[in-house]
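In case you want the letters, here they are:
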Amino acid sequence: MPVSTPHEARTLLIRENPSLAAHFCERLGIKPPEGCVPVLGSEDCNVLKPLELTRDRTVLFRGGDGKTEFAVCFEVQLRKDESRRFAWPMYVVRLFHDLRCPVVLLVLTTDENVRTWCAAGFEVGHPGFVLYPLVVTPEHIDRITTVAEAAGNIELAVLSALTFGDEPGGVVVLDAVFAALATIDPDTAAQYSEIIAASLRGSGREHVEELVVIKDFQYTSRLAQRLRAEGKAEGAAEKQAEFVVMALQRRGVCVSAEERARILACADLETLDRWLDRAFTVEKAADVFDG
């Protein structure tokens, strides 16, 4: 069945950073064996054709001898889907059969109905055989609000942005993660900025678009290109002038009434582009006009 961008965004973060599985296991009271390193395993859960079952992510915890000693089947479930009550037990049992080690099912959701649904457990018919998924909800996800925190675990920071970006106060989370994105590999940063923008729907998305336009990111982003292209449309000079003022104020640079009026009165896009570039480095607003 087709999956949504918010769904794929979360599974991508597990792929890029399997240690998030350990992070959430510990948050839920499950401690993987000491000395094991989490690595990705196969998501394929096929048994017989044409039946095809594919786990969202599989994380294996391997000891120093390379043997898998613990496994996490990681599923993203943003809404109830009754087909999962039949698939999930098979995922767990198949992994247990193949790996011969303890296996847990982690379900990440933002929907309270999914948490309640999972809490009831999924009976398979055999007495006592009931699967109770371990559910990761927003309360288990750290609200990353500083650049240092975000840079320390960029995938967790992106997940924090996906979870809290549209909520009141979410701009602090978004500011932190986008500042941290500017310090990592440009291709990865571009990918993460795209999935954040595509996953948010409310005020968070508006803030992301604003950040992408007024910040001079050191990576190429289709979102940035599109927004900057839109900025060349009708009313572009007025918008660009507002971005110059905003960029200065965001950096804590004092903008006098006269300086603000001069910026907003400018109608030349090339001049405004130069001023915007300088707005990210100058110490005084007056220095924006130099040159």
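The structure displayed is predicted, hence computed values, not measured ones.

## Some points on the overall build of the chain
And step 1. In terms of regular secondary structure, the chain is built from 13 helices and seven strands.
And step 2. When the 291 residues of the chain are sorted by exposure, 47% land in the buried category.
And step 3. Considering only contacts in the chain between residues 6 or more positions apart, those separated by 24 or more positions represent 64%.
And step 4. Accessible surface computed for the chain: about 14600 Å², of which carbon and sulfur atoms make up 52%.

## Here's the deal with the nonpolar core
And step 1. Ranked by size, the top nonpolar core spans 47 residues in total, and within it Phe24, Val72, Val158, Val177 and Ile196 carry the most contacts.
And step 2. Looking at which element gives the most residues to this core, the answer is helix H6 (residues 154-164), with eight residues.
And step 3. Ranked by size, the runner-up nonpolar core spans 20 residues in total, among them Ala247, Val253, Trp275 and Ala285.

## Concerning the environment of Gly152
And step 1. Its place among the elements puts Gly152 in helix H5 (residues 147-152).
And step 2. With relative accessibility at 65%, the residue Gly152 sits in the exposed group.
And step 3. A sequence separation of 28 residues divides Gly152 from Ala180, and the C-alpha atoms of the two residues are 8.8 Å apart.

## A short note on the packing of helix H7 (residues 170-181) against helix H8 (residues 186-199)
And step 1. Contact pair H7 / H8: the axes reach a minimum separation of 10 Å and the direction vectors enclose 160°. Here H8 runs roughly antiparallel to H7, going by the angle between their axes. Judged by the sense of rotation from one axis to the other, the crossing of H7 with H8 is left-handed. Here Leu174, Val177, Phe178 and Leu181 of H7 come into contact with H8, specifically with Ala189, Tyr192, Ser193 and Ile196.

## Some remarks on the pattern of salt bridges
Where charged atoms from two side chains of opposite charge approach closely, those side chains can pair.
And step 1. In the structure shown here, the tally under the stated rule is nine salt bridges.
And step 2. The partner of Arg84 in a salt bridge is Asp81, with the nearest N and O atoms 3.9 Å apart.
And step 3. The buried category is assigned to Asp81, whose relative accessible area is 19%.
And step 4. Through salt bridges with shared partners, a single ionic network connects Glu112, Arg115 and Glu139.

## Concerning the side chain of Arg55
And step 1. Turning to its location among the elements, Arg55 is positioned in the loop between strand S1 (37-41) and strand S2 (57-62).
And step 2. No salt bridge is formed by the buried Arg55; the nearest opposite charge belongs to Asp98, separated by 5.9 Å.
And step 3. A polar contact is formed between the side chain of Arg55 and the side chain of Thr58, at a distance of 2.9 Å.

## Section: the pairing of strand S4 (residues 103-108)
Along any regular strand, the residues point their side chains to alternate faces of the sheet.
And step 1. Buried residues dominate S4, accounting for six of its six residues.
And step 2. A two-sided burial pattern is seen for S4, the buried positions comprising Val103, Leu105 and Val107 on one face and Val104, Leu106 and Leu108 on the other.
And step 3. Looking at chain direction, strand S3 (residues 68-76) and S4 are connected through six bridges and run parallel. Bridged to Phe74 within S4 is Leu106.

## Observations concerning the sheet that holds S2
And step 1. Pairing within the open sheet is mixed, and its five strands lie in the order S1-S2-S3-S4-S7. Of all strands in the sheet, those bounded by a partner on one side alone are S1 and strand S7 (134-136). Neighbouring strand axes in the sheet, compared pairwise and without regard to direction, differ in orientation by 30° on average.
And step 2. In the sheet, S1 pairs with S2 via five bridges, with the strands oriented antiparallel. In the sheet register, Val37 faces S2, and the bridge partner there is Arg62.

## Concerning the pairing of S3
And step 1. The buried fraction of S3 is high, at eight of nine residues.
And step 2. Here S2 folds back onto S3 in antiparallel fashion, the turn holding five residues, of which Gly66 has a positive phi close to 85°.
And step 3. In this fold, S3 hands off to helix H3 (residues 84-99), which returns the chain to S4; that crossover is right-handed.

Analysis parameters
- Residues numbered from 1 in each chain as written.
- Predicted model: local features only at pLDDT ≥ 70, side-chain atom pairs only at ≥ 80, totals over all residues.
- Heavy atoms only, no water.
- Helix = DSSP H or I, 4+ residues; strand = E, 2+ residues; numbered from the N terminus.
- Buried < 20%, exposed > 50% of the residue type's maximum accessible area, 1.4 Å probe, protein only.
- Contact = heavy atoms within 4.5 Å.
- Areas by Shrake-Rupley, 256 points an atom, 1.4 Å probe, with all protein chains shown as cover.
- Core = buried A, V, L, I, M, F, W, Y, C linked by side-chain atoms within 4.5 Å.
- Axes fitted to C-alpha atoms, helices over the stretch in contact; angles between N-to-C directions.
- Parallel < 35°, antiparallel > 145°, perpendicular 65-115°, else oblique.
- Left-handed = near helix turned anticlockwise from the far one by under 90°.
- Salt bridge = Lys/Arg side-chain N within 4 Å of Asp/Glu carboxyl O.
- Lys, Arg positive; Asp, Glu negative; His and termini not counted.
- Polar contact = N/O pair within 3.5 Å; in protein donor to acceptor, adjacent residues only side chain to side chain.
- Pairing = 2+ DSSP bridges.
- Right-handed = clockwise from strand over helix to strand, strands pointing away.

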